Amino acid sequence: FSRDSKRGDANAMNIVDAGKERITNVIKFATNEDGTPKAVSELRVKLKATAEGPNRINLVFKYVAVKCTKFFFLPIKWTLYIPVPS
């Protein structure tokens, strides 16, 4: 995000498992300025990747995992899985 953004900081990375033909995009959100966790701490997007040639891959989105730190107002950690139709 830009320096003047009010959304906060986040770290992004990709986890590639070529043997199992999987790619996971991970976005981890930083805590609030007072040290408390945000309602959503992490997003993980799971993809299936198959080679279509030496320079091209086919990506199929499987699901998105949303890691939450609250259930309504209760401090309970849980994960919401959202399937992506393909």
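Note that the structure is a prediction, hence the values are computed from the model and not measured.

(A) Region of the structure containing the sheet that holds strand E3 (residues 40-53). If you walk across this open sheet you meet the five strands as E1-E2-E3-E4-E5, and the pairing is antiparallel. Of all the strands in the sheet, just strand E1 (10-17) and strand E5 (78-83) have a single pairing partner and so form its edges. Within this sheet the neighbouring strands show an average axis-to-axis angle of 20°, counted without direction. Relative to E5, strand E4 (residues 56-68) runs antiparallel, the two being bridged by six bridges. Considered in E5, the bridge of Lys67 is made with Thr79.

(B) Summary view of unusual backbone geometry. One non-glycine residue, Glu21, lies in the positive phi region at around 55°. According to the relative accessible area criterion, Glu21 is partly exposed, its value standing at 34%. Residue Phe72 is not a glycine yet carries a positive backbone phi of 60°. The residue Phe72 is located in the loop between E4 and E5 in this model.

(C) Focus on the pattern of salt bridges. By the definition in use, this model includes four salt bridges. Between Glu21 and Lys48 there is a salt bridge, and its shortest N-O distance comes to 3.4 Å. Here Glu21, found in the loop between E1 and strand E2 (22-29), pairs with Lys48, found in strand E3; they are 27 residues apart in sequence, far enough to count as distant. Classification of Lys48 as partly exposed rests on a relative accessible area of 34%. Linking Arg44 and Glu42 is a salt bridge whose minimum nitrogen-to-oxygen distance equals 2.5 Å. Classification of Glu42 by relative accessible area gives buried; the value is 8%. Among the ionic contacts, a cluster of salt bridges with common partners joins Glu42, Arg44 and Lys67.

What counts and how
- Note on numbering: residues in each chain are counted from 1, in written sequence order.
- In keeping with the model being predicted, local features are shown solely for residues with a pLDDT of at least 70 and side-chain atom pairs are shown and tallied solely at 80 or more, while totals for entire chains, interfaces and linings include all residues.
- Side-chain measures here rest on the full set of heavy atoms in the structure, leaving out hydrogens and waters.
- Here, any two strands with at least 2 DSSP bridges between them count as paired.
- Secondary structure is summarised from DSSP: a helix means a run of H or I of at least four residues, a strand means a run of E of at least two, and numbering begins at the N terminus for each.
- All axes here are fitted lines through C-alpha atoms, helices being fitted over the stretch that makes contact, and every angle between N-to-C directions spans 0 to 180 degrees.
- Think of it in three bands: with a 1.4 Å probe and only protein chains considered, a residue is buried below 20% of the maximum accessible area for its type, exposed above 50%, and partly exposed in between.
- What makes a salt bridge here is a side-chain nitrogen of Lys or Arg within 4 Å of a carboxyl oxygen of Asp or Glu, nothing more.

By themselves these figures say nothing about function.
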